[in-house]
Structure formats: structure tokens, C-alpha cells
Amino acid sequence: MNTAIAAFTRNGVKLALRLADFLDGEVFAPSRFNLNPINEPLSVWTGKIFHEVRALIFVGACGIAVRAISPHVSSKLSDPAVIVIDETGKFVIPILSGHVGGANELARKIAGKIHAQAVITTATDVNNLLSVDEWAVKNDCVIENPAAIKHVSAKILDDNSVGVAVTCENIPVPFPVTLFLRPKVLVLGAGCNKGIAPEEFERDAKNFLDGAGVSMLSLKALASIDIKRDESAMKLFAEKNKIPFVTFTASQLQSLTGKFTSSQRVLEIVGTDNVCERACVFAAGEGAVLMRSKFVCENSTFALARCKS
């Protein structure tokens, strides 16, 4: 479930059901409405669902929503979009995670659908200025140092120069205060001995990426051969870094054209002459560039590819 919609009155439920069809969400209401029931204090219910959804919509008063979410708010980087809509459908008001969580954009989308007024209050939006955190989300970038967002936004509002670095590379800080945005453009290719300790695999991967001079936050995926699909160290690494772990057959990897570090021994064992290089290039897609070739550790190998810009 990506979207949860809470409603409390007959008119509110009618509107919520319309929104559910539009947003592919689920409606929650007091048990008398025979929908997904809210049978506990609203703040308790909110706490259970808060980090399970991308968007949480309250059809009702802003005060109800504020009291419900207040104990659970933690970070603009992880909190879901929260939107309030009055039960007559006149106003759509994003109250949390307007930029990173996408609440502002979703509010505009809903308002257009139900012919309502989106009430946007974030300073950059009302002044028609760039919101760096919203730009980062739309361009698939990870915000490395969110504390700098406030400083950069203030500079933009005061019409001053700002420092923003959009790069996957670990470069010296170019401005007194620099907001680093890490584009998700890198694929880490890997092979390893069966049963490698997760701690060893993570340590070697980090050392490899540090040696390549790139940020871990720019990883788009971890890639390997399909016989490694259940390798716990690889799966744990991908889960911890919130990236997909993708695998390919030996024939898929061997079908790639280009220059790869070839090993006859690897070819005889797994059916392709190279796993890490071929896997990262395959996963990175057409136009990918092999940034760093095969690097051998005691129990693992790594390579790095960059997706086409």
C-alpha cells in the first residue's frame, strides 16, 4: 500500500473513496462505515501506518491530522507525505514532507482531479523559486547532508549565490557551505566466495568504492551472477544500502560485447569469463561505462559501472 486515506464522516468517506480509486490507495474509517476500521485512538493508528506508506491523507480538519502525526514526525528525508483535505473537497493542504516526500506535488495532482485549491505554503514554492530538495527527488539524487538544505534555501530566498554539488565523486568541499546531491548512477558488480561473512563483504565493498573515489550514496544497484542470488552477504549489503540486488545468467553476461578482464578458470566454473565487470555493465544498461575494472579481494571481486547520463 502506497497511500492511506483516513476519513471520519459520511461526506469525508465519499470523498476518500473517490481518492482511493484515483490514487490506488486504501480508505480507513470508523468501523460503522464497514471499511478498513480505525478502532483505536487516531494517533496510535497513525503510528502503526506512518512509515508503511508513501502518502497519508486525512479527510477532515488540519488539527485532527496535526495531533495524529505529531508524535511520529522524525525527518524530512523519511517521513511520508501528509495531506489534509476538507470533507467538501475545496482545499488540499500538504502539511508534511512537501518536497522530499512529494506532498506538494501530490496535493497539486489531487486538486486538479477533484477541482479543488491546493494550498501550498513552502517559501520557495510561493516565491516561484527552486526547491533544491524537491529537485533532488525528481532527479533521483540522494541528499547527503540534509542539514545544508536550510542554509541553501535561505540563500535562494535572499537571492544570493548558493553552493550545491551534484556529483557521484568524493570531491573536496567547493563552497563554504555545500549541499551534496548524489545522483543514483553507479552499479557495483560483485562476485564472492560462498558463505563470505557479511561484515567482510561490506568492508571490502566500501574500500573498493573509496578507492574509486565515489560515494556509496550514488549506488543504483548491486549486480552479480544468478548463482549468487541467495548469497546472504550480498543481499544484506543491498538491503542495508536500500538498492536492488540484480542477477543475470552466465549466458546473459557472456553475451556482452566489449573489453572485460577474462579468466579461463572463472569461465570453466560458472560459464562466463568475468562476473563483476560484466554484471555491473549489464545492469547499468545501454551506454554504460566501466569506471573501474575487476578488483580482487581475499574472498570477493568488485567492478564499477556508470549509467549513461
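Residues numbered from 1 in each chain as written. Predicted model: local features only at pLDDT ≥ 70, side-chain atom pairs only at ≥ 80, totals over all residues. Heavy atoms only, no water.

1. What about the pattern of salt bridges?
Then step 1. This model, assessed by the stated rule, comprises nine salt bridges.
Then step 2. With a shortest N-O distance of 3.3 Å, Lys 206 and Glu 202 are connected by a salt bridge. Of this pair, Lys 206 and Glu 202 are both found in helix α8 (residues 198-212), four residues apart, which corresponds to roughly one turn of the helix.
Then step 3. Lys 206 gets classed as partly exposed once you look at its relative accessible area, which sits at 38%.
Then step 4. We classify Glu 202 as buried; its relative accessible area is 17%.
Then step 5. Arg 229 serves as the salt-bridge partner of Asp 226, at 3.6 Å between the closest nitrogen and oxygen.
Then step 6. Classification of Asp 226 by relative accessible area gives buried; the value is 18%. (Salt bridge = Lys/Arg side-chain N within 4 Å of Asp/Glu carboxyl O. Helix = DSSP H or I, 4+ residues; strand = E, 2+ residues; numbered from the N terminus. Buried < 20%, exposed > 50% of the residue type's maximum accessible area, 1.4 Å probe, protein only.)

2. Section: the sheet that holds strand β9 (residues 164-166)
Then step 1. Judged by pairing direction, the sheet is mixed, and its three strands sit side by side in the order β8-β10-β9 without closing on themselves. Where the open sheet ends on each side, the last strands, each with one partner, are β8 (141-143) and β9. Between one strand and the next, the sheet's axes are offset by a mean angle of 25°, whatever the strand orientation.
Then step 2. Relative to strand β10 (residues 179-183), β9 runs parallel, the two sharing three bridges. Across the sheet, Ala 165 pairs through a bridge with Phe 180, a residue of β10. (Pairing = 2+ DSSP bridges. Axes fitted to C-alpha atoms, helices over the stretch in contact; angles between N-to-C directions.)

3. Remarks on the side chain of Ser 131
Then step 1. Inspection of the secondary structure assignment puts Ser 131 in the loop between α5 (123-126) and α6 (132-138).
Then step 2. The class for Ser 131 is buried, based on a relative accessible area of 6%.
Then step 3. Filtering out sequence-adjacent residues up to four positions away, Ser 131 remains in contact with His 99 and Thr 124. (Contact = heavy atoms within 4.5 Å.)

Take it as geometry only, folks, not as evidence of what the structure does.
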